[in-house]
Amino acid sequence: MSTVQRGAFIVIEGLDRSGKSTQAALLQSRLQNANVSVKLMKFPDRTTPVGKMIDAYLRSQSDVDDRTIHLLFSANRWEAVSSIESTLAAGTTIICDRYAFSGVAFSAAKGLPLAWCRSPDVSLPAPDLTLFLDISPDIAKSRGGYGEERYEKEELQRRVRNIFHQLGDELPKDGAGRWAVIDAGRDLNTVSESLWHEVAITIHDCTKQDSVGKLWQS
Ligand code: DGP
């Protein structure tokens, strides 16, 4: 029997320009320096055939019906499930830049029913920890590059933020599958320290669990 302890599945969520990608990369190098085997993943993964359709949509090069694009975003996560499961089982921790919470938040913010938005992502691998980088849409707007892609509009981001909070409120604040709100309006190093603190707790705890859970199953 294998004695390898599984890796932790850690998701970083947040509004556009909340610093997710920078913080995910910092976390990755910090874990590597601590000799933790780690893999960085990102959704949408724009490299797959499905991801290429999503990329064209986000850059406003194509128009796709709201429900159809929603299902493509979900499919883009499902096509990575076997890789997520085998990576975790091999003992490698995953830092994942966006996941199903973005899926629900962005589509529901456009007006689709929340329950409908959630259903295609039910039973995806459940994160052991979701770090929500919370930032006010007006601060996000003032950051470089804002407005280049389809969803980067202040009013929409405001609705997205509310839905993220609603989804987070359903999850535990401690233990397996928890949701941690991180104030991402602070300077980069302070945010990074907060993330590190949360991640260290989860990596320690999740080695005691056997397999990764299923998202939104009950
Ligand atoms: P990013 O590559 O992290 O900048 O994300 C691209 C954009 O796509 C961003 O505005 C958030 C949005 N997004 C990410 N995941 C989903 C999803 O599953 N569904 C929808 N509708 N939008 C998403």
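Please refer to the structure higher up on the page.
Criteria and thresholds
- Residues numbered from 1 in each chain as written.
- Predicted model: local features only at pLDDT ≥ 70, side-chain atom pairs only at ≥ 80, totals over all residues.
- Heavy atoms only, no water.
- Helix = DSSP H or I, 4+ residues; strand = E, 2+ residues; numbered from the N terminus.
- Rg over C-alpha atoms; globule rule 2.2 N^0.38 Å.
- Lys, Arg positive; Asp, Glu negative; His and termini not counted.
- Charge placed at Lys NZ, Arg CZ, Asp CG, Glu CD.
- Near = heavy atom within 4 Å.
- Polar contact = N/O pair within 3.5 Å; in protein donor to acceptor, adjacent residues only side chain to side chain.
- Areas by Shrake-Rupley, 256 points an atom, 1.4 Å probe, with all protein chains shown as cover.
- 1 Å grid on protein atoms, 1.4 Å probe; cavity = no way out; pocket = protein on both sides within 12 Å on 5 of 7 lines; lining within 4 Å.
- Sits in = over half its atoms within 2 Å of the grid points.
- Nonpolar A, V, L, I, M, F, W, Y, C, P; charged D, E, K, R; others polar.
- Salt bridge = Lys/Arg side-chain N within 4 Å of Asp/Glu carboxyl O.
- Buried < 20%, exposed > 50% of the residue type's maximum accessible area, 1.4 Å probe, protein only.
- Arc of directions from axis to C-beta.
- Points joined across faces, edges and corners; volume = space filled by probe spheres on them.

Draft legend 1. Quick look at the overall build of the chain. Scanning the chain from terminus to terminus reveals nine helices and five strands. Each helix and strand of the chain, placed in order from N terminus to C terminus, yields the pattern β-α-β-α-α-α-β-α-α-β-α-α-β-α. Its C-alpha radius of gyration of 17 Å places the chain within 12% of the 17 Å reference for a compact globule of 218 residues. Principal axes of the C-alpha set define a box for the chain whose edges measure 50 × 35 × 30 Å. For the chain, the centre of its 26 positive side-chain charges and the centre of its 28 negative side-chain charges are spaced 2 Å apart.

Draft legend 2. Structural view of the site of the ligand. Inspection of the region around the ligand gives 15 residues, with Asp 16, Lys 42, Arg 77, Arg 98 and Gly 103 positioned closest. In this structure, Arg 46 approaches the ligand through a side-chain N or O atom, which is 3.0 Å from an oxygen atom. At 3.2 Å, a side-chain N or O of Ser 107 approaches a nitrogen atom of the ligand. Protein coverage of the free-state accessible area of the ligand, which is 500 Å², stands at 94%. Comparing atom positions with the cavity grids shows the ligand to sit within the largest pocket. Elements represented by at least two residues in the shell around the ligand include exactly helix H3 (66–78) and helix H5 (100–109). A total of four residues in the shell around the ligand trace back to one element, the largest contributor, which is H5. Classifying every residue of the shell around the ligand by side-chain character gives five nonpolar, three polar and seven charged.

Draft legend 3. Molecular detail of the pattern of salt bridges. With the rule as written, the count across this model stands at 19 salt bridges. A salt bridge links Asp 128 to Arg 6, with the shortest nitrogen-to-oxygen separation between them at 2.9 Å. Here Asp 128, found in the loop between helix H6 (114–118) and strand E4 (129–134), pairs with Arg 6, found in the segment before strand E1 (9–14); they are 122 residues apart in sequence, far enough to count as distant. Across the pair, Arg 6 and Asp 128 agree in class, each one buried.

Draft legend 4. Broad picture of unusual backbone geometry. Note the cis peptide between Phe 43 and Pro 44, where omega equals -5 degrees. Positive phi, normally seen in glycine, also occurs at Trp 216, with a value near 55 degrees. Mapping Trp 216 onto the fold places it in the segment after helix H9 (188–206).

Draft legend 5. Region of interest: the environment of Gly 111. With respect to the element layout, Gly 111 can be found in the loop between H5 and H6. According to the relative accessible area criterion, Gly 111 is exposed, its value standing at 58%. Separated by 48 residues in the primary sequence, Gly 111 and Arg 159 have C-alpha atoms spaced 9.8 Å apart.

Draft legend 6. Expanded view of helix H4 (residues 81–89). Along H4, the positions that sit buried rather than exposed are Val 81, Ile 84, Thr 87 and Leu 88. Viewed along the axis of H4, the buried residues span an arc of 135 degrees, placing them on a single side of the element. In H4, those exposed residues whose orientation departs by more than 90 degrees from the buried face are Ser 82 and Ala 89. Just downstream of H4 lies Gly 91, where phi reads positive at about 95 degrees.

Draft legend 7. Structural detail: the layout of surface pockets. Taken as a whole, the largest pocket encloses approximately 480 Å³ of empty space. What lines the largest pocket is a set of 25 residues, among which Asp 16, Lys 20, Arg 46, Arg 98 and Glu 149 lie closest to the centre. Breaking the lining of the largest pocket down by element, the ones donating at least two residues are helix H1 (20–33), H3 and H5. Here the lining of the largest pocket gets four residues from one element, more than from any other, and that element is H5. Class assignment of the residues belonging to the lining of the largest pocket gives a composition of seven nonpolar, seven polar and 11 charged.

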